[in-house]
Each structure stands twice: as structure tokens, then as C-alpha cells.
Amino acid sequence: MSNLKCPIWNTDVHFGFPSTEKRGMVFDSPRAGGKYFITDMAEVQVQSCEDQAKARLTSWLIEQRESGVECPEIIMARVEDAKSRQPLPVTERINKLLKFLKLNSPTIGTRINIDNFCMGMMAWSESTKEEEISSLLRHLEKYDLVVQYPEEREIALTVDGYSHTGEN
């Protein structure tokens, strides 16, 4: 395994390789929600960002992928935009977390391991700390949208949680 790290979050990546077309690298980072390209200049710039700006940049990456962009490009202007972007409202963070859980739960009641999916949950919910995920999951459990199995560190969407996203 390579020792490459996600330039945004300094976490392990599935892969990273230089672009053959532009000056930069392509990474596949669970913490950044998937694959992205970042220019050399933007990589230097993002390293000085606060975690909140990195979280908003990650939200932008998620939105790009949801709109069909397989490998969004991070340039210096995009990093600057992330710094001034408004944080997601808590209700939107909750809805995005539910959507992530649904995308990773092939059927209603399927348990997913919190440890294996924590970085993805953080990416999708614009969270900067694992404690935020714990709080959001407790909230979802309070409203019977998820069931937590703390002994196994697993979680499952309920029928209400599965249907709450409004998608099939």
C-alpha cells in the first residue's frame, strides 16, 4: 500500500496518481467522499485551510458527484470558494447522512459497521469530528430513523429512515 494521503484531510486514500493531462493528482479518498483531482497549487493552498473550510470543500465534492461529475476538479478558486461558503444547516446534514446510509444499505435493516463507514459519514454530513457523527446518529435514533447496535458498532436504517430520503 502506498503512503499517499488525502491532501484535504491527511487520511489514507484508496489510490493516488499524477494526472497525465494537468499538473496535479487524482485521489480516491473515503474522507473526501470519493475520487477527485487537485492541482498542485490548490493542494498547497488547501493544507492551510481550517477544518470547517475543508468540510465545506468536501460537501462541494459530494454535490459534484451527485450531479454526475465522476472526478471533480479542485483548483485554487474552488478552495477560496470553500472558505466563504456557508455551512450546511443541521437539517441538511442529517438528510445527507441518511442518504449516505441508504446508499450503503442495499436493503432495509442492513447493518453497516460504523468504523468502516465513519469517514464517508463525515464526508457526507459535513462533519469535522467523529463526535458529530455520534450526535447525528443519536438524533436519528431518537426519531426512529436508525437503530444502533453499540456492542457491534453497527447501525441500520429503519423503514422510516429508508423512506425519509424520499427516494426509492
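Residues numbered from 1 in each chain as written. Predicted model: local features only at pLDDT ≥ 70, side-chain atom pairs only at ≥ 80, totals over all residues. Heavy atoms only, no water.

Caption draft 1: A look at the sheet that holds strand E6 (residues 146-149). Reading across the sheet, the three strands line up as E5-E7-E6 and stay open at both edges, with antiparallel pairing between neighbours. Edge positions in the open sheet fall to strand E5 (111-113) and E6, since each of these has one partner strand only. Averaged over neighbouring strand pairs, the angle between their axes works out to 25° when direction is ignored. Taken together, the four bridges between E6 and strand E7 (residues 154-157) define a ladder with antiparallel strand orientation. Bridge pairing in E7 places Val147 opposite Ala156. Helix H4 (residues 90-103) rests against E5, E6 and E7 of the sheet, and its axis sits at about 95° to E7. Contacting E5, E6 and E7, helix H5 (residues 114-124) crosses the sheet at an angle of about 80° to E5. (Pairing = 2+ DSSP bridges. Helix = DSSP H or I, 4+ residues; strand = E, 2+ residues; numbered from the N terminus. Axes fitted to C-alpha atoms, helices over the stretch in contact; angles between N-to-C directions. Contact = heavy atoms within 4.5 Å.)

Caption draft 2: Geometry of the packing of aromatic side chains. Tallying each qualifying case throughout the model produces four aromatic pairs. With 5.5 Å between their ring centres and 20° between their planes, Phe15 and Phe17 make a pair best called stacked. Judged by centre distance (6.0 Å) and plane angle (50°), the rings of Phe100 and Trp124 are tilted. You can see Phe100 sitting in helix H4 and its partner Trp124 sitting in helix H5, a full 24 residues away along the chain. Accessibility classification places Phe100 together with Trp124 in one group, the buried group. Taken together, the ring pairs in this structure connect Phe100, Phe117 and Trp124 into an aromatic cluster. The ring of Phe37 carries Lys22 above its face, with NZ or CZ at 5.8 Å from the centroid. The ring centre of Tyr162 lies 4.9 Å from the NZ or CZ of Lys102, which sits over that ring. (Phe/Tyr/Trp six-rings, centres within 6.5 Å; stacked < 30°, edge-to-face > 60°. Buried < 20%, exposed > 50% of the residue type's maximum accessible area, 1.4 Å probe, protein only. Lys NZ or Arg CZ within 6 Å of the ring centre and 35° of its normal.)

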